[in-house]
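# Structural characterization, general
Each chain is listed here by its residues.
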Amino acid sequence: MVLKKSSLLFVVILTFCEAIAKEAGNGLSQSKGKVKSPVNVQRAHEYEPTWESLDARPLPSWYDEGKIGIFIHWGVYSVPGFGSEWFWFSWKTSKNERIVNFMDQNYPPGFTYQDFGHQFTAEFYNATKWTELFKKSGAKYVVLTSKHHEGYTLWPSKYAFSWNAMAVGAHRNLLGELAEAIRSDSDLRFGLYHSLYEWFNPLWIADLATNLTTDEFVKFKTLPELYELVNEYQPDIVWSDGEWEAPDSYWQSKEFLAWLYNESPVKDFVVTNDRWGHKTLCTHGGYYTCADRYNPGNLKLE
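Residues numbered from 1 in each chain as written. Predicted model: local features only at pLDDT ≥ 70, side-chain atom pairs only at ≥ 80, totals over all residues. Heavy atoms only, no water.

### Focus on the overall build of the protein
In terms of regular secondary structure, the protein is built from 11 helices and 6 strands. Counting only residues that meet the buried cut, the protein has 53% of its 302 residues in that class. When contacts within the protein are restricted to residue pairs at least 6 apart in sequence, long-range pairs at least 24 apart make up 75% of them. Of the roughly 13,700 Å² that the protein leaves accessible, carbon and sulfur atoms contribute 53%. (Helix = DSSP H or I, 4+ residues; strand = E, 2+ residues; numbered from the N terminus. Buried < 20%, exposed > 50% of the residue type's maximum accessible area, 1.4 Å probe, protein only. Contact = heavy atoms within 4.5 Å. Areas by Shrake-Rupley, 256 points an atom, 1.4 Å probe, with all protein chains shown as cover.)

The following block contains the structure:
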């Protein structure tokens, strides 16, 4: 039986085709480190919490010109390092045979996914060395998974009690260290992925049970986390995900984006994507992702 303690890193380098990019903002820095000069979005008026208004926001030039970025999946799922970042769901909900057999063969009875959290020590993590590697790659921006669908946050969130990198595992602010290194030692833009939902959060499950007529999960988990992330780390990109089981009205996405574009510390330069509700993909938001591994085929540039 092998108990794996080292935490692996999954890195996917993504290119975003500028022809399918739509409209959004530009980059600042955290309070620590070097502040970049933002490419301001010229606002003729305040943005209203409607898609018509929000979709009219122009895309800042830095993102369109960046061409290539690095997208990092890193979390508790990196400890087993088997399957994908959907490991927990595949094990407990989908009952994927490969995942179930892997656990039966390598871990004792009663071992839980939370036990992996204690093994997520990140002992070899060096944000400065990561930044050096990113610079050598030629990338212009980096997006880190602040929280995937498992709910574990890479920063000491007040809304992820005992399920964050400061409380369990590394006992470090992994997100904060990378934000500071990137902004102090490079010209890279720093973005954050954030999952709106969490597979097994009791508040989410309770809202589902009411057919989403209640929104306790959004009020007490999703939105507070998003405001905390933006105010504390001032990301150049807010890369939303986990939206597909509920409409944007449940997530209060339009209201959040109106705040983001009008009042937040990143209002003039932040970039967003299109994952804000189950009908927003390739339709509303900043740039369009449309789907994972989406291939736009042949595009006509006007």
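### Brief notes about the pattern of salt bridges
Under the criterion given, the structure shown has 13 salt bridges. Across the salt bridge formed by glutamate 198 and lysine 147, the nearest N and O atoms sit 2.8 Å from each other. Taken together, the residues span a long stretch of sequence, with glutamate 198 in the loop between strand S4 (189-195) and helix H8 (202-209) and lysine 147 in strand S3 (residues 141-147) at a distance of 51 residues. Residue classification places glutamate 198 among the buried residues on the basis of a relative accessible area of 5%. The exposure class assigned to lysine 147 is buried, which follows from its relative accessible area of 0%. Three or more residues are tied together by salt bridges with common partners; here these are Lys147, Glu198, Lys221 and Glu225. (Salt bridge = Lys/Arg side-chain N within 4 Å of Asp/Glu carboxyl O.)

### Observations concerning unusual backbone geometry
The backbone phi angle of leucine 212 is positive, close to 65 degrees, even though this residue is not glycine. In this structure, leucine 212 sits in the loop between H8 and helix H9 (216-233). A positive phi angle, close to 60 degrees, is found at arginine 293, a residue other than glycine. The exposure class assigned to arginine 293 is exposed, which follows from its relative accessible area of 78%.

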